[in-house]
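Structural overview
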Amino acid sequence: MLIDNHNREVNYLRLAVTDRCNLRCNYCMPAEGIQFSENDNLLTIEEMKRLAQILVSNGVSKIRITGGEPFARKNIMELLRFLSELDDLKSISITTNATLIKPYINELYELGIRHINVSLDALDEDRFFKITRRNSFQIVKRNLFTLIEKGFNVRVNCVVLEGQNVDEIISFVKLTEHGNVCVRFLEEMPFNGGNKTFTKLKWDYKRIFQHIETEFPLIKQLPVERSSTASLYKVPGWKGSFGLIPSFSRTFCGTCNRLRVSANGDVITCLYANAYTNLRTILRENKSDSLIMQSVLDAVANRVANGHEAELRSKSIFKNSMTSIGG
Ligand code: SAM
Ligand code: SF4
């Protein structure tokens, strides 16, 4: 079991399998993209398999595959097939923009992978284009509905963007009337590769909640796991649910159980902190599993208490883009 220096169990790995992406969401990176890692600096599929196996043997029971866009990574299914065979891994989930997922949907289901988060910030095609700078709305919509129809446990992640999509918040909630889906509203964070900076947020989780409550005064709160970053709600009688993620307000850090490994092997113990170490070299030097694990243990033993403390310590953290951190 992995326990950090604040007595929190760390059992959830977010593994970014690439920093590349086929979209250019304006809250995530500039139009021209970011300085992506050299190919040689990305962990190979074999290195990711080995690392995952080591971590699962040491208490990680949940892995989320993220990126960049996970399905832009060549041979991603090879990694997913491997993970699905690890007995002690209780949950595999994926966060995707759903543009490239179609050819893999059946196999994902067969592998027992059920938890898919689809990022979608607009229900209007033109709006989608303005936000993502790409013309993929119809593809994403089709794939999203296919995933729901096939019985995946689908959550839609919607970043609330002042001046861009707040007028669609209610429409997003309405998706949960007939859809077996959970729509989660995320606060925007300043991880956009230097696109824009901000220190205050007009549309924080409280304002998003008030906005929704004004339209649906009878909403009910649902129970969530202790380590959940989201608070969940439901309009009584509706099929799905919706949630709020205070990713900028950071009210959930006290129960954080997450460890992040970026596509180039950085170990990140808090979203708002600089990488503690990098595992690529020791993975390539063919060091023993216990030595690799020791590096992770050192990182976990030196975690900050919360994201606010991390921000104070981390120089130029907001120049990063979420495509390299993995969300
Ligand atoms: N490309 C995949 C996708 O978009 O789902 C996975 C990677 S993406 C970096 C992971 C999540 O981070 C997405 O839900 C995305 O909306 C969110 N994200 C990216 N930049 C963000 C930001 N600046 N603030 C809040 N969330 C952000
Ligand atoms: Fe790509 Fe996801 Fe970033 Fe959008 S949020 S640019 S889909 S990595």
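Everything that follows concerns the structure shown earlier in this document.
Described below are features of the structure shown in this document. (Residues numbered from 1 in each chain as written. Chains lettered and ligands numbered in written order. Predicted model: local features only at pLDDT ≥ 70, side-chain atom pairs only at ≥ 80, totals over all residues. Heavy atoms only, no water.)

For the rest of this paragraph, the subject is the pairing of strand β8 (residues 231-234). With three bridges connecting them, strand β7 (residues 220-222) and β8 associate as antiparallel partners. Pairing of Lys220 across the sheet is with Lys234, part of β8. Relative to strand β9 (residues 241-245), β8 is paired through three bridges, and the arrangement is antiparallel. The residue bridging Leu232 from the neighbouring strand is Gly243, located in β9. Between the antiparallel neighbours β8 and β9 lie six residues, among them Gly237 with a positive phi of about 90 degrees. (Pairing = 2+ DSSP bridges. Helix = DSSP H or I, 4+ residues; strand = E, 2+ residues; numbered from the N terminus.)

Okay, the pattern of salt bridges next. For the coordinates displayed, the defined rule picks out 15 salt bridges. Asp4 is paired through a salt bridge with Arg303; the nearest N and O atoms lie 2.8 Å apart. Here Asp4 is found in the segment before β1 (12-16), whereas its partner Arg303 is found in the loop between α9 (289-300) and α10 (307-313), with 299 residues between them in sequence. Each member of the pair, Asp4 as well as Arg303, is classed as buried. Its salt-bridge partner being Glu309, residue Arg313 comes within 2.7 Å of it at the nearest N-O pair. Taken as a pair, Arg313 and Glu309 lie in helix α10 at a separation of four residues, close to a single helical turn. Residue class for Glu309 comes out partly exposed when judged on its relative accessible area of 26%. (Salt bridge = Lys/Arg side-chain N within 4 Å of Asp/Glu carboxyl O. Buried < 20%, exposed > 50% of the residue type's maximum accessible area, 1.4 Å probe, protein only.)

For the rest of this paragraph, the subject is the site of ligand 1. Near ligand 1, the surroundings consist of 19 residues, among which Tyr27, Gly68, Thr96, Ser119 and Met189 are the closest. The contact in question runs from a nitrogen atom of ligand 1 to an N or O atom on the side chain of Glu69, over 3.4 Å. The backbone of Thr96 places a nitrogen or oxygen atom 3.2 Å from an oxygen atom of ligand 1. Burial of ligand 1 by the protein amounts to 96% of the accessible area it has alone, namely 550 Å². Of all the elements in the fold, those that place two or more residues in the shell around ligand 1 are β3 (91-96), β5 (153-160) and β6 (181-187). Across the shell around ligand 1, the residue classes tally to seven nonpolar, nine polar and three charged. (Near = heavy atom within 4 Å. Polar contact = N/O pair within 3.5 Å; in protein donor to acceptor, adjacent residues only side chain to side chain. Areas by Shrake-Rupley, 256 points an atom, 1.4 Å probe, with all protein chains shown as cover. Nonpolar A, V, L, I, M, F, W, Y, C, P; charged D, E, K, R; others polar.)

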